[in-house]
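So the chains spell out like this:
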Amino acid sequence: MTVTEPDEQKAPARQRLISGPGILLVWLYGVMVVGAVSRSAVQISTDFHKAPLAYALSALAGLVYGFITYSLVRGGEKARRAALVCCAAELVGVLAVGTWTLIEPSAFPDATVWSDFGMGYLFIPVILPLTAIFWLNKARRKSAP
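Residues numbered from 1 in each chain as written. Predicted model: local features only at pLDDT ≥ 70, side-chain atom pairs only at ≥ 80, totals over all residues. Heavy atoms only, no water.

1. Observations regarding the packing of aromatic side chains
The way to describe two aromatic rings as a pair is by their centre distance and the angle between their planes.
Alright, step 1. Inspection of every chain in the model, using the stated rule, returns two aromatic pairs.
Alright, step 2. Taking 5.8 Å as the distance between ring centres and 50° as the angle between the ring planes, the aromatic pair formed by Tyr29 and Tyr65 counts as tilted. Separated by 36 residues along the polypeptide, Tyr29 in helix H1 (residues 21–47) and Tyr65 in helix H2 (residues 52–74) bring together distant segments of the chain. Taken as a pair, Tyr29 and Tyr65 share a single burial class, namely buried.
Alright, step 3. Between Trp100 and Phe108, the ring centres sit 4.9 Å apart and the planes meet at 85°, which makes this aromatic pair edge-to-face.
Alright, step 4. The partly exposed category is assigned to Trp100, whose relative accessible area is 39%. (Phe/Tyr/Trp six-rings, centres within 6.5 Å; stacked < 30°, edge-to-face > 60°. Helix = DSSP H or I, 4+ residues; strand = E, 2+ residues; numbered from the N terminus. Buried < 20%, exposed > 50% of the residue type's maximum accessible area, 1.4 Å probe, protein only.)

2. What to know about H2
Alright, step 1. Here H2 is 23 residues long and its end C-alpha atoms lie 33 Å apart, about the 33 Å a rise of 1.5 Å per residue gives.
Alright, step 2. Those residues of H2 not exposed but buried are Ala54, Tyr55, Leu57, Ser58, Ala61, Gly62, Val64, Tyr65, Ile68, Thr69, Ser71 and Leu72.
Alright, step 3. Looking at the residues trailing H2, positive phi occurs at Gly75, about 80°. (Expected span 1.5 Å × (residues − 1).)

3. Regarding unusual backbone geometry
In most cases, non-glycine residues show a negative phi, while peptide bonds are predominantly trans.
Alright, step 1. One non-glycine residue with positive phi stands out, namely Leu122, at about 60°.
Alright, step 2. Along the chain, the position of Leu122 falls in the loop between helix H3 (77–103) and helix H4 (124–143).
Alright, step 3. Looking at Leu122, the relative accessible area reads 68%, which means it is exposed.
Alright, step 4. With a phi angle near 65°, Phe123 is a residue other than glycine that sits in the positive phi range.

Don't take any of this as a statement about function, it's just geometry.
So this is what it looks like as structure tokens:
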């Protein structure tokens, strides 16, 4: 005779964060990951002594972009909250570094991803977190009972 286990409670399905405009966010963050990580890898490996702060900040930006991309693809409420926190931190970073590069340009002998509010990247670094924060908040409202 076999003993049957009571039905296991099924975990609720993860909320998709990459439907509709979320797909564009994932794509843009993915492009920014490749751009920031590859740029910083080349700069750190060849000219780190030239502008260590700028190159380290570009590497940090790449890591942040990567985590946000992963969180959006993963989906679910925990991932949504984590992505929201990272997007807010990203926005603070872009605004801080952007302001710093305008006030004290000599502190950055070479540009970072976030220099001049992302001007070298068509201002995507300042627009992207604002858009993502809006989208992630909309996703929360959509999933609320």
